[in-house]
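Listed below, chain by chain, are the residues.
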Amino acid sequence: RIEKASDPDRFHDTQHLWLRVLPAGCVQVGLDPLAARLLGPGASLELMPAGTRLSRGETAATMSVAGEPVRFASPLTGEVLRVHRVRPGRFPSMLAHPYSRAWLFILSVPRLGKRLSSFLFGRNAGLCLAREWAAVQEECLGLAARTAGMPGSLPDGGELDLVRLSGSAGPAYP
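All of these numbers come straight from a predicted model, not from anything done at the bench.

Asks: I keep staring at the sheet that holds strand 7 (residues 68-73) and nothing clicks. Help me out?
Replies: Sheet strands pair via backbone hydrogen bonds, and the direction of the pair is either parallel or antiparallel. What the three strands build is an open sheet, ordered 4-6-7; its pairing is antiparallel. Strand pairing shows two members of the sheet lacking a second neighbour, strand 4 (44-47) and strand 7, which therefore form its edges. For this sheet, the mean angle separating the axes of adjacent strands, direction not counted, is 20 degrees.

Okay, structure coming up:
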């Protein structure tokens, strides 16, 4: 179950990253609840090192999910000041608490105030995340319905774990 759609002090990016404004023109960037839920505890994380200059749209983080890379682009142009070093075995705990533990890196961004207008904030962010979670639930339940009476399967031939799915889909966002 995803505990809440959005945190009131976070801006949200369309690739399911949140941004929290810090003092001195810095932003902390992390995974929103939908990304954290979909990546799952089996994912691994690789981040650009501190000191790296990133342009908006350039790969800032790469996660490996079932051996496949999932790339997250930097939402802003700036310098990586700090990265979240997740100790082995702590990744599931990080993903379980997206707004407190699932931060990825801190970025120093020149003229930050002007750059934030393109991100969702507050109620708009929560509504967008709720719509997207509902779409994920609908797709998963549609896959399950098409395979009723048989072990669930995905279009790529993989098996769909209906028991796990029913527990992870949970209710919509509050």
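Asks: Sorry if this is basic, but what is going on with the packing of aromatic side chains here?
Replies: Both the distance between ring centres and the angle between the ring planes are used here to describe each pair of aromatic rings. Taken as a whole and judged by the stated rule, the model has one aromatic pair. Taking 6.3 Å as the distance between ring centres and 40 degrees as the angle between the ring planes, the aromatic pair formed by W18 and Y99 counts as tilted. Within this pair, whereas W18 is found in strand 2 (residues 17-22), its partner Y99 is found in the loop between helix 2 (91-96) and strand 9 (103-108), the two being separated by 81 residues in sequence. By relative accessible area, Y99 is classed as buried at 7%. Above the face of the W18 ring, R10 is positioned so that its terminal group lies 4.3 Å from the ring centre.

Asks: Can you walk me through the pairing of strand 9 in this structure?
Replies: A regular strand places its side chains on the two faces of the sheet in alternate fashion. Burial within strand 9 is extensive, with five of its six residues counted as buried. When strand 3 (residues 26-31) meets strand 9, the two strands line up antiparallel, connected through five bridges. Counterpart to G30 in the pairing with strand 9 is W103. Inspection of the sheet shows strand 8 (residues 78-83) paired to strand 9 by four bridges, in the antiparallel sense.

Asks: It is not clear to me how the side chain of S93 should be interpreted in this structure. Could you clarify?
Replies: Take S93: it is sitting in helix 2. Taking the relative accessible area as the measure of exposure, S93 reaches 18% and is therefore buried. Here R101 takes part through its side chain, which lies 2.5 Å from a polar atom of the side chain of S93.

Asks: Any chance you could explain the side chain of H12 here in plain terms?
Replies: Note that H12 resides in strand 1 (residues 10-12). Side chain to side chain, H12 and Y99 meet in a polar contact 3.4 Å long.

Asks: I'm lost on the environment of L76 in this one. Help?
Replies: Tracing the sequence through the fold places L76 in the loop between strand 7 and strand 8. Sequence-wise, L76 and V29 are 47 residues apart; in three dimensions their C-alpha atoms are separated by 9.8 Å. The residues contacting L76, other than those within four sequence positions of it, are L19, V27, L54, S55, R56, L107, V109, L112, R115 and F119.

Asks: How should the environment of L120 be read in this particular structure?
Replies: Along the chain, L120 turns up in strand 10 (residues 120-121). Owing to a relative accessible area of 32%, L120 belongs among the partly exposed residues under this scheme.

Asks: Is there a simple way to think about unusual backbone geometry in this case?
Replies: Note on backbone geometry: most residues besides glycine have negative phi, and most peptide bonds are trans. Residue H16 is not a glycine yet carries a positive backbone phi of 70 degrees. At A66, a position not held by glycine, the phi torsion is positive, near 55 degrees. Inspection of the secondary structure assignment puts A66 in the loop between strand 6 (59-65) and strand 7.

Asks: Just checking my understanding: could you explain the sheet that holds strand 2 for this structure?
Replies: Taken in spatial order, the seven strands make up an open sheet running 5-8-9-3-2-1-10, and their pairing is antiparallel. The sheet terminates laterally at strand 5 (53-54) and strand 10, the two strands that pair on one side only.

About the thresholds
Residues numbered from 1 in each chain as written. Predicted model: local features only at pLDDT ≥ 70, side-chain atom pairs only at ≥ 80, totals over all residues. Heavy atoms only, no water. Pairing = 2+ DSSP bridges. Helix = DSSP H or I, 4+ residues; strand = E, 2+ residues; numbered from the N terminus. Axes fitted to C-alpha atoms, helices over the stretch in contact; angles between N-to-C directions. Phe/Tyr/Trp six-rings, centres within 6.5 Å; stacked < 30°, edge-to-face > 60°. Buried < 20%, exposed > 50% of the residue type's maximum accessible area, 1.4 Å probe, protein only. Lys NZ or Arg CZ within 6 Å of the ring centre and 35° of its normal. Polar contact = N/O pair within 3.5 Å; in protein donor to acceptor, adjacent residues only side chain to side chain. Contact = heavy atoms within 4.5 Å.

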